[in-house]
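Each chain is listed here by its residues.
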Amino acid sequence: MADVLLIHDDIKLYTTSDKFFLEPHINPTEILVIDRITGESTVKDIKSVKIPIPVNAYRPVCGFLGTIRLISGLYLVVAKYRILVGKLNGHDIYQLAGTDIIPYARSTTHLTSKQVDDNNTYERLLRAALETPGIYFSYGYDLTHSMQRLHSVAPDFNKMSLASRADPRFLWNGHLLKDYMHQQYERFALPLIQGFVAINRVVVNGHQLIWSLVSRRCVDRAGTRFFMRGVDAQGNVANFVETEQIIERGGEKSSFVQTRGSIPLYWSQYPNLKYKPAMVLAPEDHVAAYTRHMRDQIQRYGNQVLVNLIDQHGKEEALERGYRAAVAAAALPGVRYEPFDFHAECRGMRYDRLTILMDRIAHEQTEFGYFLSRGGTVLLRQSGVFRTNCVDCLDRTNVVQSLFARRQMEAALRLLAVTTNDHQHPHLDTLFNTVWADHADMISSQYSGTGALKTDFTRTGKRTRMGALRDGINSLTRYYKNNFSDGFRQDSIDLLLGRYTVSDGEGNTVPCPLRRDRDWKYITFPSVLLVAVSMFCASAALPSRYSSEVLLYLMFWGAAVGATLTFIFRHGKEFVEWPRLDGGGLAIVGPHGPPPSL
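Residues numbered from 1 in each chain as written. Predicted model: local features only at pLDDT ≥ 70, side-chain atom pairs only at ≥ 80, totals over all residues. Heavy atoms only, no water.

Helix and strand counts for the protein chain stand at 14 helices and 20 strands. For the protein chain, whose C-alpha radius of gyration is 27 Å, the value lies close to the compact-globule estimate of 25 Å for 598 residues. In terms of its C-alpha atoms, the protein chain occupies a principal-axis envelope of roughly 85 × 70 × 50 Å. Buried positions account for 56% of the 598 residues belonging to the protein chain. Sequence separation of at least 24 residues holds for 68% of the intrachain contacts in the protein chain that already meet a minimum separation of 6. Only carbon and sulfur atoms are counted for the fraction: they give 55% of the accessible area of the protein chain, which is about 25600 Å². (Helix = DSSP H or I, 4+ residues; strand = E, 2+ residues; numbered from the N terminus. Rg over C-alpha atoms; globule rule 2.2 N^0.38 Å. Buried < 20%, exposed > 50% of the residue type's maximum accessible area, 1.4 Å probe, protein only. Contact = heavy atoms within 4.5 Å. Areas by Shrake-Rupley, 256 points an atom, 1.4 Å probe, with all protein chains shown as cover.)

Structural data, given as structure tokens:
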């Protein structure tokens with residue numbers, strides 16, 4: 001596998017009244033010049049450009065991430081800070097730790113006051129998306145592709161820039177870089193992935209190993225937990241993540257890939273203030289969408305075992321039956337459906353019963369194998385993957401994926417003669433558990449807004465009461481965020497990915513979706529509830545003795561609290577913070593989408 005051309009890392013950003021100049025810090029031979037007036041950009045020979053400001057009047061940046069148009073015009077997006085994660089395949093991998101978004105326009109005097117407010121909101125949305133934890137990049141390693149994929153490409157592939165050859169499914173700044181895919185920008189355009197990366201050096205029986213875990217979140221149907229579920233007409237599913245476990249020892253490299261993703265049916269679960277909103281299957285052609293999704297997966301990954309961990313009774317039963325029916329109707333070769341009712345099987349913290357599932361799929365894990373190369377020569381290839389899901393594809397999914405990964409790691413270490421069946425390695429076990437728990441928290445935070453549940457089992461191998469208590473706190477936090485802040489997060493994702501683009505004249509000649517007014521009930525009833533709760537508490541706490549008059553007050557304000565709460569929950573969707581841009585297509589599930597007023 002040939003190395004690719006390195007992207008410029010440390011860059012001097014010079015800003016003048018009419019141009020941006022991005023000059024590599026070390027031994028510069030070229031410079032990126034961007035015209036702030038016309039928006040045109042070009043890469044020139046360093047000797048042909050004279051920057052009309054002092055040589056020390058620059059701001060240091062560590063990567064060019066692209067540009068985006070907001071109401072006031074174009075913005076330059078650059079990486080400002082980075083954190084070194086470690087070396088993967090000989091290349092440094094970094095986590096993005098800070099960005100700058102810099103307007104081309106020198107003032108906003110050409111905008112109305114409302115346009116300025118809207119533009120500031122778009123800036124906040126963009127910053128929120130770029131500040132999401134778990135964004136990674138490398139100046140020389142293609143993080144969007146697995147090792148097996150990189151060993152299977154044509155020779156010309158390695159001559160392309162990292163940005164232009166990146167897998168578009170996992171390129172999170174693809175919209176920002178859409179005008180910078182030309183070869184002249186190959187050493188400036190820095191691709192980003194979102195997900196999780198952990199790289200650890202370990203010594204096992206005297207062998208120096210690098211053990212890494214890389215997860216890539218897909219940009220197709222990306223979003224937040226309740227606002228993005230199921231499949232779309234193109235076969236893309238919500239919360240699709242490709243996870244790769246890598247073991248390196250000198251010139252030997254092992255890789256094992258798994259995937260997760262929402263159940264590939266047309267279904268929704270929009271927030272409505274209830275703790276668990278109803279899951280609704282739309283009256284659409286589920287088999288066609290499922291087939292489209294699975295054919296793409298088979299083409300990319302090979303044979304599939306669909307590990308479905310949702311409940312087979314109760315609220316999740318309809319989803320399980322729908323999924324089972326779609327698999328049977330499509331009857332695709334190389335696909336097997338493996339349902340496992342996680343909650344029923346592991347009731348009472350009996351997580352040891354996961355061995356039942358592991359025994360069922362053991363022969364297929366052996367059959368699928370994993371990727372292994374030595375000195376650039378491919379010795380083994382992975383021929384299939386486990387596609388695991390629960391409802392959110394977070395908590396239950398991560399527990400089971402970590403078990404698949406542990407079994408593969410043990411097999412690979414035995415094959416490399418690093419370990420035998422008789423030896424225990426507590427340090428490696430602890431590291432493995434910690435990394436997979438951190439992985440669960442990161443992926444969960446990006447989708448649901450909180451850390452994962454059930455990570456006490458992943459960290460310690462046991463389910464604990466303290467872990468259950470922590471899960472309760474996370475569940476309540478999820479409830480609040482999913483109802484009252486995920487609309488903003490969904491909008492930020494849609495803006496970053498280009499699913500919503502700002503129009504020329506927006507907020508003036510073109511309506512701005514950010515100005516969508518709330519229904520009168522949104523302010524009135526919460527205000528009434530606040531007054532009623534305050535008066536009830538005052539009536540209960542202030543009197544020195546209780547009289548019939550005080551009891552009447554308590555009954556009146558208690559009834560007011562109950563009636564107001566009943567009304568609010570009955571019209572719950574109208575009190576939820578919905579996305580305003582709707583770039584992700586929330587209404588694809590037909591009549592069960594958001595209220596028309598929203």
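Moving on, we get to the nonpolar core. Counting 78 residues, the largest nonpolar core has Tyr-290 and Leu-354 as its most contacted members. Per-element accounting of this core gives the leading share, eight residues, to helix H9 (residues 426-448). Ignoring any residue separated from it by four or fewer positions in sequence, one finds Leu-354 in contact with Phe-340, Phe-342, Cys-346, Val-399, Val-400, Leu-403 and Phe-457. (Core = buried A, V, L, I, M, F, W, Y, C linked by side-chain atoms within 4.5 Å.)

Right, let's talk about the packing of aromatic side chains for a bit. Applying the stated criterion across every chain, the model contains 20 aromatic pairs. Here the aromatic rings of Tyr-290 and Tyr-323 are separated by 6.4 Å at their centres, their planes lie at 70°, and the arrangement is edge-to-face. With Tyr-290 in helix H4 (residues 286-301) and Tyr-323 in helix H5 (residues 317-330), the pair connects residues that are 33 residues apart, well separated along the chain. Comparing Tyr-290 with Tyr-323 shows no difference in burial state: the two are buried. (Phe/Tyr/Trp six-rings, centres within 6.5 Å; stacked < 30°, edge-to-face > 60°.)

We now examine the sheet that holds strand E2 (residues 19-24). Strand order in the open sheet formed by five strands is E4-E3-E2-E1-E5, with antiparallel pairing between adjacent strands. What marks the edges here is a single partner per strand, and that holds for strand E4 (41-45) and strand E5 (59-61). For this sheet the average axis-to-axis angle between neighbouring strands, irrespective of direction, equals 25°. With five bridges joining them, strand E3 (residues 30-35) and E4 adopt antiparallel strand pairing. Following the sheet pairing, Glu-30 is matched in E4 by Asp-45. (Pairing = 2+ DSSP bridges. Axes fitted to C-alpha atoms, helices over the stretch in contact; angles between N-to-C directions.)

Time to look at the confidence of the model for the protein chain. A residue-level look at the protein chain finds 96% of positions with pLDDT of 70 or above and a mean pLDDT of 91. Contacts of residues 587-593 to residues separated by more than four positions or lying in other chains number 18 contacts, the stretch itself having pLDDT below 50. (pLDDT = per-residue confidence, 0-100.)

A few words now on the pattern of salt bridges. With the rule as written, the count across this model stands at 34 salt bridges. Among the salt bridges present, the one from Arg-324 reaches Glu-320, with a minimum N-O distance of 2.8 Å. Here Arg-324 and its partner Glu-320 are both found in helix H5, four residues apart, which amounts to about one turn of the helix. (Salt bridge = Lys/Arg side-chain N within 4 Å of Asp/Glu carboxyl O.)

Moving on to the pairing of strand E11 (residues 207-217). The element E11 is largely enclosed, with a buried count of nine among its eleven residues. Between strand E10 (residues 193-204) and E11, which pair antiparallel in sequence order, lie two residues; one of them, Asn-205, sits at a positive phi of approximately 50°. Taken together, the eight bridges between E11 and strand E12 (residues 241-249) define a ladder with antiparallel strand orientation. By the bridge assignment for E12, Arg-217 is matched with Val-241.

For the rest of this paragraph, the subject is the packing of helix H7 (residues 354-368) against helix H8 (residues 395-415). Direction vectors running N to C along H7 and H8 enclose 50°, while the axes themselves pass 11 Å from each other. When the interaxial angle is binned, H7 and H8 end up oblique. In the crossing of H7 with H8, the sense of the turn from one axis to the other is right-handed. Of the residues in H8, those touching H7 at Leu-354, Leu-357, Met-358, Asp-359, Ile-361, Ala-362 and Gln-365 are Val-399, Val-400, Leu-403, Phe-404, Arg-407 and Gln-408. Partitioning the contact of H7 with H8 into residue classes produces nine nonpolar, two polar and two charged. (Parallel < 35°, antiparallel > 145°, perpendicular 65-115°, else oblique. Left-handed = near helix turned anticlockwise from the far one by under 90°. Nonpolar A, V, L, I, M, F, W, Y, C, P; charged D, E, K, R; others polar.)

Time to look at helix H11 (residues 465-484). The terminal C-alpha atoms of H11 lie 29 Å apart, and with 20 residues this matches the ideal 28 Å at 1.5 Å per residue to within 8%. Residues Gly-467, Asp-471, Asn-474, Ser-475, Arg-478, Asn-482 and Asn-483 constitute the buried set of H11. Looking straight down H11, one finds that the buried residues subtend no more than 150° of arc, so they occupy a single side. H11 presents Arg-465, Met-466, Leu-469, Ile-473, Leu-476 and Tyr-480 as exposed residues on the side facing more than 90 degrees away from its buried surface. (Expected span 1.5 Å × (residues − 1). Arc of directions from axis to C-beta.)

A few words now on the environment of Ile-193. Note that Ile-193 resides in strand E10. Assessed through its relative accessible area of 2%, Ile-193 is described here as buried. Excluding residues that lie within four positions of it along the chain, Ile-193 makes contacts with Gly-134, Ile-135, Tyr-136, Leu-143, Thr-144, Phe-170, Trp-172, Val-214, Ser-215 and Arg-216.

A few words on the packing of H8 against H9. Put simply, H8 and H9 touch, their axes get as near as 11 Å, and they point 145° apart. H9 is crossed by H8, and the crossing has right-handed handedness. Within the contact between the two elements, H8 uses Asn-398, Gln-401, Ser-402, Ala-405, Arg-406, Met-409 and Leu-413 and H9 uses Leu-428, Asp-429, Phe-432, Asn-433, Trp-436, His-439 and Ala-440. Of the residues in the contact of H8 with H9, the class split is seven nonpolar, five polar and two charged.

What follows concerns helix H14 (residues 548-570). When the terminal C-alpha atoms of H14 are compared, their 32 Å separation across 23 residues agrees well with the 33 Å that a helix rising 1.5 Å per residue should span. For H14, the complete set of buried residues consists of Val-550, Leu-554, Trp-557, Ala-560, Val-561, Thr-564 and Ile-568. Packing partners of the buried residues in H14 comprise helix H13 (520-541).

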